[in-house]
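Spelled out from the first residue to the last, the chains are:
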Amino acid sequence: MENIAKLLDENQINSTVTKVLSPINATNLRQAHEMVENGHMMGKVVIVNK
């Protein structure tokens, strides 16, 4: 993981994350599911608990 973080920080690799939702709750889970289901996502949607 440290190597991956370093490569991301140095722009040697790119993340496919395009949307981050927070916190983990029913509303954000529904929103993420709807975005993927409707085909409106290019990349990845991530739900994090901050």
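Everything that follows concerns the structure shown earlier in this document.
What counts as what
- Residues numbered from 1 in each chain as written.
- Predicted model: local features only at pLDDT ≥ 70, side-chain atom pairs only at ≥ 80, totals over all residues.
- Heavy atoms only, no water.
- Helix = DSSP H or I, 4+ residues; strand = E, 2+ residues; numbered from the N terminus.
- Rg over C-alpha atoms; globule rule 2.2 N^0.38 Å.
- Buried < 20%, exposed > 50% of the residue type's maximum accessible area, 1.4 Å probe, protein only.
- Contact = heavy atoms within 4.5 Å.
- Areas by Shrake-Rupley, 256 points an atom, 1.4 Å probe, with all protein chains shown as cover.
- Expected span 1.5 Å × (residues − 1).
- Arc of directions from axis to C-beta.
- Patch = residues over 30% accessible without salt bridge, like charges linked within 9 Å, V, L, I, M, F, W, Y side chains within 5 Å.
- Salt bridge = Lys/Arg side-chain N within 4 Å of Asp/Glu carboxyl O.

(A) Representation of the overall build of the chain in the model. On a plain count of helices and strands, the chain comes out with two helices and two strands. Secondary structure elements in the chain, listed N-terminal to C-terminal, are α-β-α-β. The C-alpha radius of gyration of the chain comes to 13 Å, more than 25% above the 10 Å expected for a compact globule of 50 residues. When its C-alpha atoms are laid out on the principal axes, the chain stretches across 35 × 25 × 10 Å. Within the chain, the proportion of its 50 residues that are buried is 10%. Long-range pairs, those at least 24 residues apart, make up 53% of the contacts in the chain with a sequence separation of at least 6. Per element, the accessible surface of the chain, about 4300 Å² overall, is 53% carbon and sulfur.

(B) Here's a closer look at unusual backbone geometry. That bond from Ser22 to Pro23 is cis: its omega, -5°, falls within 30 degrees of zero. When you line up the elements, Pro23 lands in the loop between β1 (17-21) and α2 (26-37). A positive phi is found at Asn11, a non-glycine position, where the angle reads about 55°. Position of Asn11 relative to the elements: it lies in the loop between α1 (2-9) and β1.

(C) View of α2. Here α2 spans 16 Å end to end across 12 residues, near enough to the 16 Å set by a 1.5 Å rise per residue. The set of residues buried in α2 consists of Asn28, Ala32 and Met35. Angular distribution of buried residues about the axis of α2 spans 65°; they occupy a single face of the element. More than 90 degrees from the buried face of α2, the exposed residues found are Thr27, Arg30, His33 and Glu37. Check the buried side of α2 and you find it contacts β1 and β2 (44-47).

(D) A look at a nonpolar patch on the surface. Residues Met1, Ile4, Leu8 and Ile13 make up a contiguous nonpolar surface patch of about 410 Å² in total accessible area. With respect to the helices, strands and loops of the structure, Leu8 is situated in helix α1.

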